[in-house]
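# Structural features, examined
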Amino acid sequence: MDFIPLDYATLRLIWWLLLGVLLIGFAVMDGFDLGVGALLPFVAKTDSERRIVVNTIGPVWEGNQVWLILGGGAIFAAFPPLYAVSFSGFYLAMFVILFALILRPVGFKFRGKVEDTRWKQTWDWALFVGGAVPALIFGVAVGNVLLGVPFHFTPELRPVYTGGFFALLTPFALLAGLVSVTLLVAHGAAMLVIKTDGPIADRAARYGGIAAVAGAVLFALGGVWIATEIPGFRIDSTIDGALASNPLHKTVSREAGLWMANYAAMPWTMIAPVLGVIGALASAWLLRMRRGGLAFIASGTSIAAVILTVGFAIFPFLLPSSTMPNAGLTLWDASSSRLTLWIMLVSTIVFLPIVLAYTSWVYRVLRGKVTESSVDDTPNAY
Amino acid sequence: MIDMTVVELSRLQFALTAMYHFLFVPLTLGLSLLMAIMESVYVMTGRDIWRRMTMFWGVLFGINFAMGVATGIVMEFQFGMNWAYYSHYVGDIFGAPLAIEGLMAFFLEATFIGLFFFGWKRMTKIQHLVITWLVALGANFSALWILVANGWMQNPVGAVFNPDTMRMEITDFVAVIFNPVAQAKFVHTVSAGYVTGAIFVMSVSAFYLLRGKHRDIARRSIAVAASFGLASALSVVVLGDESGYAATEHQKMKLAAIEAMWHTEPAPAGFTVIGLPNQAGQHNRFEVKIPWLMGLIATRSLDGEIPGILDLVERAEHRIRGGQLAYAALERLREDRTDVAAREAFDQHWADLGHGLLLKRYREDIFNATEQEISQAALDTVPRVAPLFWTFRIMAGIGFYLIAFFAVAFWLVTRNRIEDSRRFLWIALWSLPLPWIAIECGWFVAEYGRQPWAVEGVLPTFYAASGIALKDILISLAGFVIIYTGLAIVAAKLMIAAIGKGPDVLAPPAHDGAPAAIDDVVPPHPGDSDRLALDALDPAPAPRA
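These remarks concern the structure in this document. Since we're looking at a predicted model, the values are computed, not measured.

Let us now look at the overall build of chain A. Helices and strands together make up the secondary structure of chain A, namely 13 helices and six strands. For 382 residues, the compact-globule formula gives about 21 Å, and the C-alpha radius of gyration of chain A, at 21 Å, lands near that figure. Overall size of chain A, expressed as C-alpha extent along the three principal axes, is 65 × 45 × 35 Å. Taken across its 382 residues, chain A has 62% of its residues classed as buried. Long-range contacts, defined here as pairs at least 24 residues apart, represent 81% of the contacts in chain A between residues at least 6 apart. Here chain A displays about 14000 Å² of accessible surface, and carbon together with sulfur accounts for 70% of that area. When the 24 basic and 21 acidic side-chain charges of chain A are each reduced to a single mean position, those positions are 5 Å apart.

Within this structure, the stated rule accounts for 32 salt bridges over all chains. B:E364 serves as the salt-bridge partner of B:K360, at 3.1 Å between the closest nitrogen and oxygen. For B:K471, the salt bridge identified is with B:D472, shortest N-O distance 3.0 Å. Here the salt bridges share partners, and the residues they tie into one network are A:D47, A:R50, A:R111, A:E115, A:K120 and A:D124.

Time to look at the pairing of strand β1 (residues 159-162) of chain B. Residues and elements named next belong to chain B. Pairing geometry for β1 and strand β2 (residues 167-170), over four bridges, is antiparallel. Directly across from N162, in β2, lies its bridge partner R167. Joining the antiparallel neighbours β1 and β2 is a turn of four residues, in which M166 adopts a positive phi near 55 degrees.

Once that is clear, we can look at the interface of chain A and chain B. The figure often quoted for interface size is the accessible area lost as the parts come together. If you look at the interface, chain A gives 75 residues, while chain B gives 83 residues. Carbon and sulfur atoms make up 74% of the area that chain A and chain B hide from each other, which totals about 7100 Å². Broken down residue by residue, the surface that chain A buries against chain B is led by A:Y91, A:E156 and A:R158, which jointly contribute 11%. Across the pair A:E156 and B:K360 runs a salt bridge whose closest N-O atoms are separated by 3.2 Å.

Glancing now at the packing of helix α4 (residues 80-89) of chain A against helix α3 (residues 84-118) of chain B. Close contact between α4(A) and α3(B) brings their axes to 8 Å; oriented N to C, the two are set at 165 degrees. The orientation of α4(A) with respect to α3(B), classified from their angle, is roughly antiparallel. As for the relative orientation of α4(A) and α3(B), their crossing is right-handed in sense. Where α4(A) approaches α3(B), its residues A:P80, A:P81, A:Y83, A:A84 and A:S88 are matched on the opposing element by B:A84, B:S87, B:H88, B:G91 and B:D92. Here the contact of α4(A) with α3(B) is built from residues that sort into five nonpolar, four polar and one charged.

We now examine a nonpolar patch on the surface. All names here are of chain B. Together, V273, I274, L276, F286, V288, I290 and W390 give the surface a local cluster of nonpolar side chains, amounting to about 600 Å² of exposed area. For the nonpolar patch, the elements supplying multiple residues, two or more each, are β3 (271-278) and β4 (283-290). Here V288 shows up in strand β4.

A:P316 follows A:F315 through a cis peptide bond whose omega is 0 degrees. Mapping A:P316 onto the fold places it in the loop between α11 (292-314) and β5 (317-319). That bond from B:Q451 to B:P452 is cis: its omega, 10 degrees, falls within 30 degrees of zero. Checked against the element boundaries, B:P452 lands in the loop between α16 (434-448) and β5 (453-455). One non-glycine residue with positive phi stands out, namely A:R290, at about 65 degrees. By the secondary structure assignment, A:R290 is in the loop between α10 (271-288) and α11. For A:R290, a relative accessible area of 39% puts it in the partly exposed group. Although it is not a glycine, B:W292 sits at a positive phi angle of roughly 75 degrees. Topologically, B:W292 is positioned in the loop between β4 and α9 (293-299).

Further remarks concern helix α6 (residues 117-147) of chain A. Residues and elements named next belong to chain A. If you check α6, its first and last C-alpha atoms are 45 Å apart, about what 31 residues at 1.5 Å a residue would give, namely 45 Å. In this structure D116 caps α6, since a side-chain oxygen of it lies 3.2 Å from the backbone nitrogen of R118. Phi for G148, located one or two positions after α6, is positive at around 95 degrees.

The rules behind the values
- Residues numbered from 1 in each chain as written.
- Chains lettered and ligands numbered in written order.
- Predicted model: local features only at pLDDT ≥ 70, side-chain atom pairs only at ≥ 80, totals over all residues.
- Heavy atoms only, no water.
- Helix = DSSP H or I, 4+ residues; strand = E, 2+ residues; numbered from the N terminus.
- Rg over C-alpha atoms; globule rule 2.2 N^0.38 Å.
- Buried < 20%, exposed > 50% of the residue type's maximum accessible area, 1.4 Å probe, protein only.
- Contact = heavy atoms within 4.5 Å.
- Areas by Shrake-Rupley, 256 points an atom, 1.4 Å probe, with all protein chains shown as cover.
- Lys, Arg positive; Asp, Glu negative; His and termini not counted.
- Charge placed at Lys NZ, Arg CZ, Asp CG, Glu CD.
- Salt bridge = Lys/Arg side-chain N within 4 Å of Asp/Glu carboxyl O.
- Pairing = 2+ DSSP bridges.
- Buried area = accessible area lost by both parts, 1.4 Å probe.
- Axes fitted to C-alpha atoms, helices over the stretch in contact; angles between N-to-C directions.
- Parallel < 35°, antiparallel > 145°, perpendicular 65-115°, else oblique.
- Left-handed = near helix turned anticlockwise from the far one by under 90°.
- Nonpolar A, V, L, I, M, F, W, Y, C, P; charged D, E, K, R; others polar.
- Patch = residues over 30% accessible without salt bridge, like charges linked within 9 Å, V, L, I, M, F, W, Y side chains within 5 Å.
- Expected span 1.5 Å × (residues − 1).
- Polar contact = N/O pair within 3.5 Å; in protein donor to acceptor, adjacent residues only side chain to side chain.

Below is the structure:
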């Protein structure tokens with residue numbers, strides 16, 4: 001391993017950051033698709049309007065969804081225990097997400113294939129579910145990460161999860177789910193203001209503005225709850241970022257307010273929650289002003305900041321355990337080997353800029369408003 | 001103890017969702033490349049009909065692609081959902097190719113697929129052609145990385161077990177990528193996809209020719225598909241042979257099970273063409289054998305010996321005892337990481353650790369396993385022979401049939417007689433399901449033949465499963481069956497409807513106010529690009545009665 005220029009601890013820290021980058025990439029890129037899906041029944045009243053809305057994201061949603069696939073793959077590759085515990089522990093929630101996501105590709109592709117009102121309404125409903133449900137569950141999942149998840153390990157490191165599906169739906173987790181839905185709806189609304197005109201843009205601006213304000217309020221409420229009541233976790237034993245990944249060699253304590261410890265120790269990190277609130281409020285105001293592009297940047301900033309807020313709060317935890325706190329997963333003891341992290345880092349450095357370059361080229365080619373005539377004029381439009 | 005019902009249901013769900021996903025993948029692989037070839041002809045010759053062909057097959061491609069995407073996400077998530085210990089145990093190696101697949105391949109394919117459909121009027125001809133090739137390239141890169149991952153499950157190279165982390169860790173990534181099993185499987189699998197695309201295009205075109213409809217498009221499509229299909233069908237069988245050769249070296253039990261070879265035969269072993277394998281009696285009834293053939297295929301020599309199933313069971317028993325020692329040393333290491341004697345014992349036996357884990361099915365403290373449990377665990381290393389024996393023969397039979405089929409098709413095309421051969425057109429139409437049957441059989445052989453291992457010799461399947469509740473797996477399994485059945489019906493109906501509408505509706509000829517990608521059509525110059533070699537495949541329509 002002498003050829004790897006970075007030590008293990010640094011690589012782990014870089015991958016913690018890259019995990020954040022990928023999650024933000026997913027939330028910002030696929031997030032507006034989910035938001036547009038969730039807005040579909042509200043902003044489009046006629047079939048022609050619905051068709052326009054679907055075609056605003058039609059050409060790009062597939063590429064955006066790869067952020068989710070890449071995020072899953074990166075968690076698998078860089079933090080295998082996190083992938084193992086969270087995906088099996090949240091089993092039914094994951095299944096519901098999959099169910100909703102399965103509806104999306106077929107919903108897009110199939111809705112325009114048959115000229116029948118009921119057929120189209122069915123797939124429009126599928127697209128709504130495919131947008132709203134994952135947005136909600138991803139937020140609920142993040143809420144549960146903050147609360148800690150009931151799991152432990154056998155000595156062979158077999159994960160054992162002792163919770164159930166409905167236990168995930170605590171008031172705090174649902175609040176987190178609503179933060180996710182409202183912010184993604186605001187984000188999707190900004191995209192609709194960019195890409196459409198007339199009544200669709202009017203409605204999108206109205207509902208998006210309401211959602212953004214609600215998102216800011218709910219997010220702030222969640223922050224207060226975290227600061228006062230929700231127990232956080234802290235590693236009490238000494239941390240050595242160069243040790244082999246085994247989550248069973250540390251001691252962890254749990255008490256209310258601990259999730260604020262990082263913010264107290266490093267006050268500059270407060271910029272994340274502050275931007276989370278300001279971004280959402282700014283996007284509400286910009287939607288009102290019909291500045292779609294700026295509103296999109298504002299809501300995107302807010303979403304990124306919300307993800308960073310959670311990351312900063314729980315650092316160095318990835319997934320705390322509520323039933324056996326010592327088994328909680330941290331970036332220091334739940335990562336891949338040094339060599340795998342290095343290989344993945346090199347791949348990311350090589351390919352991610354290429355991905356970003358051609359993605360932006362695609363958006364440039366597809367620029368311009370989507371209207372009834374532009375949809376009619378596009379072969380293969382949905 | 002591990003709940004075997006949950007394990008069996010998890011296996012069933014993974015098998016169903018994977019085989020269902022792979023109904024769509026091969027067509028994506030083959031059709032994307034065929035469309036890229038057609039569009040290349042369009043750009044080279046400027047003939048509008050080749051654009052219409054690309055667009056028409058593109059519509060069918062799109063329905064298939066949507067299904068592939070919908071079912072593909074499920075595959076990536078299921079490793080963590082249903083195979084949590086697998087994810088922990090080998091994620092260090094297995095996760096990387098999956099993530100790189102997303103980064104390098106699927107991003108490319110999925111980002112440009114939107115432009116392929118929506119960009120016809122927004123780009124120049126060349127730009128759109130590049131997009132189409134990038135989609136095809138992305139699909140093929142995807143297959144590469146997925147098969148690197150799968151190849152590692154068959155032949156786990158370049159990794160060791162780390163007692164500190166209780167998992168396999170990578171030591172040599174280059175070995176993982178250039179794993180001979182993975183490389184052979186990659187070319188075998190993508191070639192099978194190309195064959196599927198070629199058959200699909202031939203069958204649909206044959207249908208049109210039989211009806212006397214869309215002859216201009218159907219005839220050209222058949223010409224492309226016949227030559228492409230012949231090359232691909234040859235490649236499938238040659239690389240299938242390469243896979244078999246790789247299995248001789250790395251997966252002896254799978255090979256012996258496929259051949260229902262219970263006992264080691266003197267070299268060169270005979271090939272059992274057909275017979276009735278009897279698992280309990282460990283022999284075959286009604287065998288028809290070709291002497292020497294098996295030894296020649298599998299060892300490429302006259303003196304290479306292929307071990308039979310019962311010999312391999314004996315070897316497995318030996319390794320299980322080694323695995324017990326490795327596990328005992330591992331337990332001591334867990335208590336005291338500095339125990340030098342335990343470390344030495346572990347280093348000596350670690351390669352057998354996986355075999356030791358086979359005993360976990362019978363008891364937790366595997367070091368105290370009884371003789372009977374050890375011999376039972378050794379017998380567990382034998383997959384069920386009859387299903388493997390038969391699915392392999394179905395796959396190989398279809399493979400050889402398809403070579404003959406494409407050879408005839410190619411001959412008819414070059415003679416310009418395909419339209420007159422109604423019998424062949426009927427055969428082409430009814431050959432449609434064959435590549436899918438062969439491919440599903442092939443995956444069955446590959447994965448069922450690997451049992452009882454999730455990772456050959458490293459991690460038993462039952463030990464790899466998540467400890468989820470029985471009701472959870474029942475809910476998800478029922479859910480998948482319902483939604484997948486519904487989607488299959490809808491997709492099939494849409495596909496048939498699209499074929500019924502035909503290219504005139506879905507890809508109408510260029511007209512006034514034609515889009516940019518069509519505007520710059522090169523006016524045909526006599527004796528110029530118009531008369532490329534392709535015209536051999538593209539004769540002027542002959543007047544017919």
